[in-house]
Structure formats: structure tokens, C-alpha cells
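What the coordinates show
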Amino acid sequence: MANQLNSLQVQEIMALLPHRYPFLLIDRVLDYTPGESLTALKNVTINEPIFTGHFPGMPIFPGVLILEALAQATGILGFKTVTERSENELYLFAAIDDARFKKPVVPGDTMILEVKFLKERRNMWKFYGEAKVDGVIVCSAELMCARREL
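Just so it is clear, the model here is predicted, and its values are computed rather than measured.

On to the UniProt feature "active site" (unreviewed entry) in the protein chain. Within this structure's numbering, the places UniProt gives as "active site" (unreviewed entry) are His54. Along the chain, histidine 54 falls in the loop between strand 2 (37-43) and helix 2 (63-81). The residues contacting histidine 54, other than those within four sequence positions of it, are Pro59, Ile60, Phe61 and Pro62.

Here it is, written out as C-alpha cells:
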């Protein structure tokens, strides 16, 4: 018997994250295992507002937005990991370590975002994330998120 994938469509993602267009950077969650890992998808299209200025004539998806997409993926994994959640609770991006950008991401690319839970201590969650295009790592980093009630 094949493994059942835990996927999420954009409506379910929007119920977990406060981000909205143009800053919601996760189009779909392909699979996740609570407390372990999550794989998500971001379609990069020329219609995104960022490309009017980054860069005219040579559009490149900004590295900081790749990191933000990875951070959003960690927030989704965090929310899918905890069993108790308050309505005013968020995962706030707290730190980035060892970020590496290996290859530009351009319109037409599909980024696969893979995040793995490393540890949690006093409501600080640490993850390792990779963004890939066509199976090639374009960005990697360790990310920390703070679980906070606002």
C-alpha cells in the first residue's frame, strides 16, 4: 500500500499563515510529516510585482524572498506539529544562519521548498531548509522561528 501524502491547498495555507498576496509565497504543500518535515511548492511567474524592479530586462527572484518562502514553510510545519494553538498565535521569523545562494531563480521556475525540523527550545524552533529548482539546490539555510502569541 502506498504512503498517503499530507498535502495542503492554498485555502488551507491561508488559514494557517497571515500572509496574503503578494507576500504569500507558498502555492501548495505537497507533503508534510508533523514534527519532522514539509515539502512545498512556489511557482515563480513573470507576473509577480517584484520583477518590475528586480531586475528590468533580467528578472531574478530575490534571495531574501526565497528565504521568506522557506520561513513560511517552517511556520506551516510548526502549526501542523502543535496540537494546541491559540487564534492569535504566530511563528515569527527570528534568525537565519549559514544562508547560501547557489543559482538564480527566474520566472518560469518551480521552487520546491523542503524544510526539516531540527529542535525546539523555549518556543524557539530551529529548521534546516533547502529551495530546489529541477532537483538542484538554489538556496539553503538554517532558520529559527519564535512561536508567539500576539
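Having seen it, we continue.
Before going further, it helps to examine the sheet that holds strand 6 (residues 136-149). Reading across the sheet, the 6 strands line up as 1-2-4-5-6-3 and stay open at both edges, with antiparallel pairing between neighbours. The outermost strands of the open sheet, each flanked by one partner alone, are strand 1 (28-33) and strand 3 (89-101). When strand polarity is set aside, the average angle formed by the axes of neighbouring strands in this sheet is 25°. Sheet topology places strand 3 next to strand 6; 10 bridges connect them, and they run antiparallel. Within strand 6, the position partnered with aspartate 97 by the bridge is glutamate 142. On top of the sheet, helix 2 reaches strand 1, strand 2, strand 3, strand 4 (110-121), strand 5 (124-133) and strand 6; it is set at about 135° to strand 3, its chief contact.

A few words on the pattern of salt bridges. Scanning all chains against the criterion turns up 5 salt bridges. Salt-bridge contacts for glutamate 89 lead to arginine 147; the nearest nitrogen and oxygen are separated by 2.5 Å. Linking glutamate 89 in strand 3 with arginine 147 in strand 6, this pair joins segments that are 58 residues apart in sequence. The two residues glutamate 89 and arginine 147 agree in class, both being buried. With its nearest N and O atoms 3.1 Å apart, the salt bridge here joins glutamate 142 to lysine 126. In this pair, glutamate 142 is assigned in strand 6 and lysine 126 in strand 5, connecting sequence segments 16 residues apart.

Bringing the packing of aromatic side chains into the picture now. Inspection of the entire model under this criterion finds 6 aromatic pairs. Their ring planes at 90° and their centres at 5.5 Å tell us that tyrosine 91 and tryptophan 125 sit as a pair that is edge-to-face. Here tyrosine 91 is found in strand 3, whereas its partner tryptophan 125 is found in strand 5, with 34 residues between them in sequence. Residue class for tyrosine 91 comes out buried when judged on its relative accessible area of 12%. Note on tryptophan 125: relative accessible area 6%, which makes it buried. Judged by centre distance (5.9 Å) and plane angle (70°), the rings of phenylalanine 117 and phenylalanine 127 are edge-to-face. Placement of the pair is phenylalanine 117 in strand 4 and phenylalanine 127 in strand 5, with a sequence separation of 10 residues. On the accessibility criterion, phenylalanine 117 (24% relative accessible area) is partly exposed. Residue phenylalanine 127 is classed as buried on the basis of its relative accessible area of 0%.

Of the pairings in the sheet, the one linking strand 1 to strand 2 comprises 5 bridges and is antiparallel in character. Bridge assignment links threonine 33 to a residue of strand 2, and that residue is serine 37. Bridge count for strand 2 against strand 4 is 7 bridges, and the pairing is antiparallel. Looking at strand 4, one finds that serine 37 is bridged to lysine 116.

Definitions and limits used
- Per-chain numbering applies: the sequence of each chain, read as written, is numbered from 1 onward.
- Whole-chain, interface and lining totals are the exception, using all residues; otherwise, since this is a predicted model, local features are given only for residues with pLDDT of at least 70 and side-chain atom pairs are given and counted only at 80 or more.
- Hydrogens are left out, water is left out, and the side-chain values use all remaining heavy atoms of the structure.
- UniProt positions are given in the numbering used here, feature names are shortened, and annotations may be inferred rather than shown by experiment.
- Working definition: helices are DSSP H or I runs of at least four residues, strands are E runs of at least two. Numbering for both runs from the N terminus.
- In what follows, a contact means two residues having at least one pair of non-hydrogen atoms within 4.5 Å.
- Strands pair, by our definition, only if DSSP identifies at least two bridges between them.
- Convention adopted: a line fitted to C-alpha atoms gives each axis, helices being fitted over their contacting stretch, and angles between N-to-C directions are expressed from 0 to 180 degrees.
- Note on definitions: salt bridges are taken to be side-chain nitrogens of Lys or Arg within 4 Å of carboxyl oxygens of Asp or Glu.
- Working definition: with a 1.4 Å probe on protein chains only, accessible area under 20% of the residue-type maximum means buried, over 50% means exposed, and in between means partly exposed.
- Here a pair means two rings of Phe, Tyr or Trp (six-membered ring of Trp) with centres within 6.5 Å. Their orientation is stacked below 30 degrees between planes, edge-to-face above 60, and tilted elsewhere.

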